[in-house]
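Topology and contacts: notes
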Amino acid sequence: MNESVEDVKRVFEEKFKEKPHLYYSPGRINLIGEHIDYNDGFVMPAAIDKGIFFAIALNNSEKINCYSVDFDESISIPLSEVRKMDGWKNYVLGVVNEFQKLNLPISGFNCAFGGNIPIGGGLSSSAALEGGISFSLNELCNFRMNRKELALLGQRAEHNFPGVMCGIMDQYANMMSKKNTVMLLDTKNISNEYIPLNIEGYEIILINTKVHHSLAASEYNQRRKECEKGLEILKRGLNIQSFRDITNRDELLPFKEEMGDKIYKRCLYVVEEILRTKKAATLLKENDLTGFGKLMFQTHEGLKNLYEVSCKELDFLVDAAKENKDVIGARLMGGGFGGSTINIVKHEGVDSFLKKILPAYKKQFNIDAESYDVKVVAGTCEIDN
Ligand code: GLA
């Protein structure tokens, strides 16, 4: 999984004997605001320099020919037979299906794609795939949809084909990000503020546990349902529209019995995480990175104990990070049940941090974790050919 744009272009030209258009579609980080993008909360994502390159051209036929360089697998399927399939194919075809549902005159195309984003690493390779396909087809077929509309289309594709009832964070970050800024994304109004990422002297280090527990998708949908149930109960008793209208965790207490322990814990996490993310945005604007990092550790505790989406591998990495004085914040990132942790680490401490944590992880789980030093980049874009 380490293709450059030149590699992908070369593969395309060998396979299809023509010149492609080239695109880059990034994965994302999320600094804080986890599992609240489907709960009307605020989240803080940004696109990163780990992503997927696409070489693509319309082929004046009724056929989709698409090749994954990473998996060395292809599909060749008529537009009239677009249907659910497995793995990466679902994301490509899911996007085509959504264009078709809008009655847009989609044309057949040839495509090869590959990149440097780890699959199942919690960096949202799926949204990168959806974004690259939707953005390029939108341009090549001249559909004139804007970036926000494409993000929403990608989210529908994910709901309808792979069947993960995700929020809007990943697709939005993929389309709307700007270099060296993070977004404070309001997932109720689907709008964002850009906050400059002034982290001079620090690096954003991701550590991939290399595990992806199979529960992830079903548990994700389950969490969403639990939150919906909890909100119903709260709405009956309080004058609120959504979790964000609750400004104090004590407001939940009177509903604890009716909710039951599990739903109460989910709601408590959501209310706290929404408040935490708003506070984190203020701290970031004030350049208080230490305060920001403390909130990241708190988020991890909430995800572990209240929302229950962590796992022993992620907890191990966060506990080890906490012991290191150069790490000012760390937590699991993304859906959980495996994937990666995000760590904010003093520049001069990165090497010693990794030299300690990676072997310790190997010793504990007999797995070679991977680390990535990521930079924040702009959303999906065309690359000059
Ligand atoms: C996945 C989903 C997102 C978001 C995160 C958790 O990445 O795709 O919509 O819910 O999990 O914050």
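Our structure's up above, just so we're on the same page.
Here the structure is a predicted model, which is why all the values come from computation and not from measurement. (Residues numbered from 1 in each chain as written. Predicted model: local features only at pLDDT ≥ 70, side-chain atom pairs only at ≥ 80, totals over all residues. Heavy atoms only, no water.)

Let us look at the site of the ligand. Lining the immediate environment of the ligand, one finds R28, E34, H35, D37, Y38, C166, G167, M169, D170, Y220, G334 and G335. R28 is positioned such that a nitrogen or oxygen atom in its side chain is 3.0 Å from an oxygen atom of the ligand. The backbone of G167 places a nitrogen or oxygen atom 3.0 Å from an oxygen atom of the ligand. Relative to its unbound accessible area of 310 Å², the ligand is 92% covered by the protein chains. (Near = heavy atom within 4 Å. Polar contact = N/O pair within 3.5 Å; in protein donor to acceptor, adjacent residues only side chain to side chain. Areas by Shrake-Rupley, 256 points an atom, 1.4 Å probe, with all protein chains shown as cover.)

This part takes up the pattern of salt bridges. Counting across every chain of the model gives 25 salt bridges. Put simply, R331 and E34 hold a salt bridge, and the shortest N to O gap is 2.8 Å. Residue R331 is found in strand β10 (residues 327-333), and its partner E34 is found in the loop between β1 (21-30) and β2 (42-43); the two are separated by 297 residues along the sequence. You'll find R331 and E34 in the same group, each marked buried. Its salt-bridge partner being R223, residue E226 comes within 3.8 Å of it at the nearest N-O pair. Of this pair, E226 and R223 both sit in helix α6 (residues 216-237), three residues apart, which is roughly one turn of the helix. E226 gets classed as buried once you look at its relative accessible area, which sits at 5%. The network of salt bridges with common partners includes E219, R223, E226, K262, K265, R266 and E308. (Salt bridge = Lys/Arg side-chain N within 4 Å of Asp/Glu carboxyl O. Helix = DSSP H or I, 4+ residues; strand = E, 2+ residues; numbered from the N terminus. Buried < 20%, exposed > 50% of the residue type's maximum accessible area, 1.4 Å probe, protein only.)

This part is about the side chain of S242. As for its position among the elements, S242 is in the loop between α6 and α7 (256-259). Judged by its relative accessible area of 1%, S242 is buried. In this structure S242 touches D40, K188 and L231, once residues within four positions along its chain are discounted. (Contact = heavy atoms within 4.5 Å.)

Let us now look at empty space enclosed by the protein. Considering all chains together, one arrives at one cavity of 30 Å³ or more under this definition. Taken as a whole, the largest cavity spans an internal volume of roughly 30 Å³. What lines the largest cavity is simply A127, E130, G131, S134, L150, A151, G154, Q171, N174 and M175. Residue assignment for the lining of the largest cavity shows that the elements contributing at least two residues are α3 (125-140), α4 (147-160) and α5 (169-176). For the lining of the largest cavity, the element with the most residues is α3, which contributes four residues. The residue inventory of the lining of the largest cavity, partitioned by class, reads four nonpolar, five polar and one charged. (1 Å grid on protein atoms, 1.4 Å probe; cavity = no way out; pocket = protein on both sides within 12 Å on 5 of 7 lines; lining within 4 Å. Points joined across faces, edges and corners; volume = space filled by probe spheres on them. Nonpolar A, V, L, I, M, F, W, Y, C, P; charged D, E, K, R; others polar.)

Using the criterion set out here, one finds eleven aromatic pairs in the structure. Between the aromatic rings of W88 and F113, the centroid separation amounts to 5.4 Å while the plane-to-plane angle is 70 degrees, which identifies the pairing as edge-to-face. Placement of W88 in helix α2 (residues 88-101) and of F113 in strand β6 (residues 109-115) is noted, with a sequence separation of 25 residues between them. Judged by relative accessible area, F113 falls into the buried class, the value being 4%. Between the aromatic rings of Y269 and Y307, the centroid separation amounts to 4.9 Å while the plane-to-plane angle is 40 degrees, which identifies the pairing as tilted. Taken as a pair, Y269 in helix α8 (residues 261-285) and Y307 in the loop between α9 (289-305) and α10 (312-322) lie far apart in primary sequence, 38 residues in all. Judged by its relative accessible area of 0%, Y269 falls in the buried class. (Phe/Tyr/Trp six-rings, centres within 6.5 Å; stacked < 30°, edge-to-face > 60°.)

Counting buried residues along strand β3 (residues 45-58), twelve of its 14 residues qualify, which places the element largely inside the surrounding structure. One ladder, built from nine bridges, connects β1 with β3; its direction is antiparallel. By the bridge assignment for β3, Y24 is matched with F53. One ladder, built from two bridges, connects β3 with strand β13 (residues 376-377); its direction is antiparallel. What sits directly across from A47, in β13, is V377. Pairing analysis gives seven bridges linking β3 to β6, with the strands arranged antiparallel. Within the sheet, the bridge partner assigned to I52 lies in β6 and is G115. (Pairing = 2+ DSSP bridges.)

Taking 1.5 Å as the rise per residue, α4 with 14 residues should run 20 Å; its terminal C-alpha atoms sit 20 Å apart, in good agreement. Of all the residues in α4, the buried ones are L150, A151, L153, G154, Q155, A157, E158 and H159. Those residues of α4 that are buried are in contact with α2, α3, α5 and α6. Here α4 starts with a cap whose side-chain oxygen sits 3.2 Å from the backbone nitrogen of K148, and that cap is N146. (Expected span 1.5 Å × (residues − 1).)

In this section: unusual backbone geometry. A positive phi is found at K210, a non-glycine position, where the angle reads about 65 degrees. Residue position: K210 is located in strand β9 (residues 202-212). Classification of K210 as partly exposed rests on a relative accessible area of 41%. Its identity is not glycine, yet N287 carries a phi of approximately 60 degrees, on the positive side. Residue position: N287 is located in the loop between α8 and α9. You can call N287 partly exposed: its relative accessible area is 49%.

No statement about biological role is implied by the geometric values presented.
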